[in-house]
Amino acid sequence: MISRKEAIALGGIQGKELDDLCEYASQVRDQTWGKQLTYSRKVFIPLTNMCRDRCGYCTFVKGPQSPEAQVMTETAVMHRVQQGEASGCREALFSLGERPEKRYPQLQHFLEHHGFRRLIDYLAHCAEQVLAKSTLLPHLNPGTLTRNELRQLKPVSASMGMMLESASQRLLRPGQAHHRCPDKVPNVRLKTLDDAGRLAIPFTTGLLIGIGETWQERIEALLLINALHQQHGHIQEVIIQNFRAKPGTAMAHCHEPDLDDMRRTLAVARLLLSPRISLQAPPNLHADYPAYIRSGLNDWGGISPVTQDHINPERAWPQIDHLATACQAQGYTLKQRLTVYPDYLKRPAFIQPLGPKLIAMSSQLNATDALNPIDQLTRGDGLSHDPHISHPMACTA
Ligand SMILES: O=c1nc2n(C[C@H](O)[C@H](O)[C@H](O)CO)c3cc(O)ccc3cc-2c(=O)[nH]1
Ligand SMILES: C[C@H]1O[C@@H](n2cnc3c(N)ncnc32)[C@H](O)[C@@H]1O
Ligand code: SF4
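If you're wondering where the values come from, they're calculated on a predicted model, not measured in any experiment.

A look at the UniProt feature "domain: Radical SAM core" (unreviewed entry) in the chain
Reasoning step 1: Using the residue numbers shown here, the UniProt feature "domain: Radical SAM core" (unreviewed entry) corresponds to residues 37-284.
Reasoning step 2: Helix makes up 36% of residues 37-284 and strand 17%. Its end C-alpha atoms lie 16 Å apart.

Set out below in C-alpha cells:
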C-alpha cells in the first residue's frame, strides 16, 4: 500500500518502474482475491436515454427530438429480462439519464400517462417487477440520488452504482467535460456516495479516466472514495473506465488515455484503496487483457450475452470463453458473480430485505459454476430495433 504523497509522485512513471509498480499491485490483488477474476453476466436496461445533462463524452444521451430518444415500456423491460434469464444472466443493469423529466415535458407526460410522478418512481416500479417476476437482480445506475430516493430504491435492488467520474471542479468550466452538468458537480456526487453509505447500500463507483483531470486530481478522487468506504464500508467496487472519444460529442477530438496511463491508474488505485474493494475495468474498452490483469484488477464488470453496452455501443463485448482463455494464460480463472459481492452477504444491514434470495442465488451460482464454468457468448445485440422500446412521443397520446 502507498501514501498519498507516493501516489502523486508516481504520475508519469514508465518502463521498468511502471512494470514494478504493476507487479506490486498484482501481488496485493492476489493476496486478497486469489487467482480468480470475476464478471457479472447481465442484461442492460437503458430505461431512458433522455437526460438533463450533456456530458462532453456521452453518446448515450438523446434529446426528445431525436428519433433515437426512448423510454422503455414495462413490457420491453420484462422482455429483455426474460432473454437475459434464458442466457444465464443474473443481473439487470438499469442505466439511465438523470432527471430528464425536469427538462422535458414529453417525459413528464409519459410518466403521468403510466401513473408515475418522477422517473425514479417508474424505475422503482420496474425493478420491483424484475424481482417479482424473474430471477435477475437489479443493479441501479440512475446517477445522483437524494437520500430519500436511495431509501426508496434500496428494497428493490441488490446493489446500486454511480461513477464519481472525477472530483475535479475544473471540469465544470466552459469547454470542459462537465460544463452545465448539474449532476456532475463533485460535491453533489460525493453526497450521493455518502448517503448510500449511511443507508448501507452495496455501492459501485469509479472514475472516468482521461476527461481532462490531472494525475493529482485522480489521486484525490480515489482517496475521497476510500475515505467514504472507511466510514461506511459500502463501496463494493471501483471501476477505472477509460474515456473513449466518440464522433458527434464535444470531446470527439480529445486524446484517449493510453495503455500506460491505464496501467498506472489501475495499479495506484489497487494500492490506495482498501484491499476488499473490488477493482474493475471493463474488457470492451481496450484490447490488452494481459496488461490489465497484470496491473492489479480482479473484476471485469458486467458482460452481456444479450444486449450491447448501451453506453459504448460500438464496443462489442468479448466472448466469455475468449476472456476466460486470456485470464487462464495469466494464471487466473474466470468466475461469474452476482451484482452484489459475497462479503455483503454476511452483513445483514446491507442486504435487507433481499437477504435470503441473495444467499440462495449465491449458493446456486457456486453449484452451477462447478458444473459449467464457461459458456459461449454471442457478439452484438440484435435488440436495437426492439419493437417494445417506444419513442416517448408515441406513448403520450
Ligand atoms: O456495460 C456497462 N456497464 C456499466 N456498469 C455495470 C457494471 O459493469 C456491473 O453492472 C456491475 O459490476 C455490477 O456489480 C456500471 C455500473 C455502475 O454501477 C456504474 C457505472 C457503470 C458503467 C458501465 C458501463 O459504462 N457499461
Ligand atoms: C455509465 C458510465 O459510462 C461512462 N461513459 C460515458 N461516456 C463514456 C465514454 N465516451 N467513454 C467511456 N465511458 C463513458 C461514464 O462514466 C458513465 O457514468
Ligand atoms: S453520462 Fe449520464 S449524466 Fe452524462 S449526459 Fe450521459 S446519461 Fe446524462
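Here we look at the site of ligand 3
Reasoning step 1: The full set of residues close to ligand 3 is Cys 51, Asp 53, Arg 54, Cys 55, Cys 58, Phe 60, Val 61, Gly 97, Glu 98, Gly 143 and Asp 183.
Reasoning step 2: When grouped by side-chain class, the residues that make up the shell around ligand 3 number five nonpolar, two polar and four charged.

With respect to helix α5 (residues 119-133)
Reasoning step 1: Taking 1.5 Å as the rise per residue, α5 with 15 residues should run 21 Å; its terminal C-alpha atoms sit 21 Å apart, in good agreement.
Reasoning step 2: By the burial criterion, the buried members of α5 are Leu 119, Ile 120, Tyr 122, Leu 123, Ala 124, Cys 126, Ala 127 and Val 130.
Reasoning step 3: Check the buried side of α5 and you find it contacts α3 (74-86), β3 (91-95), α4 (105-113), β4 (137-141) and α6 (147-153).

Remarks on the site of ligand 2
Reasoning step 1: As a matter of local geometry, ligand 2 sits amid Tyr 57, Cys 58, Ser 95, Met 163, Glu 165, Leu 208, Gln 241, Phe 243, Arg 244, Lys 246, Ile 311 and Asn 312.
Reasoning step 2: Taken together, the residues of the shell around ligand 2 break down into six nonpolar, three polar and three charged.

Quick look at the packing of helix α8 (residues 215-232) against helix α9 (residues 259-272)
Reasoning step 1: Relative to each other, α8 and α9 sit at 35 degrees, their axes nearing to 10 Å. The chirality of how α8 crosses α9 is right-handed. Only Thr 265, Val 268, Ala 269 and Leu 272 of α9 make contact with α8, whose side of the interface consists of Arg 218, Ile 219, Leu 222, Leu 223 and Asn 226.
Reasoning step 2: Looking at the contact of α8 with α9, its residues break down into six nonpolar, two polar and one charged.

About the thresholds
Residues numbered from 1 in each chain as written. Chains lettered and ligands numbered in written order. Predicted model: local features only at pLDDT ≥ 70, side-chain atom pairs only at ≥ 80, totals over all residues. UniProt positions renumbered as here; feature names shortened; annotations may be inferred. Helix = DSSP H or I, 4+ residues; strand = E, 2+ residues; numbered from the N terminus. Near = placed C-beta within 6 Å. Nonpolar A, V, L, I, M, F, W, Y, C, P; charged D, E, K, R; others polar. Expected span 1.5 Å × (residues − 1). Buried ≥ 20, exposed ≤ 12 C-beta atoms within 10 Å, placed from the backbone. Contact = placed C-beta atoms within 7 Å. Axes fitted to C-alpha atoms, helices over the stretch in contact; angles between N-to-C directions. Left-handed = near helix turned anticlockwise from the far one by under 90°.

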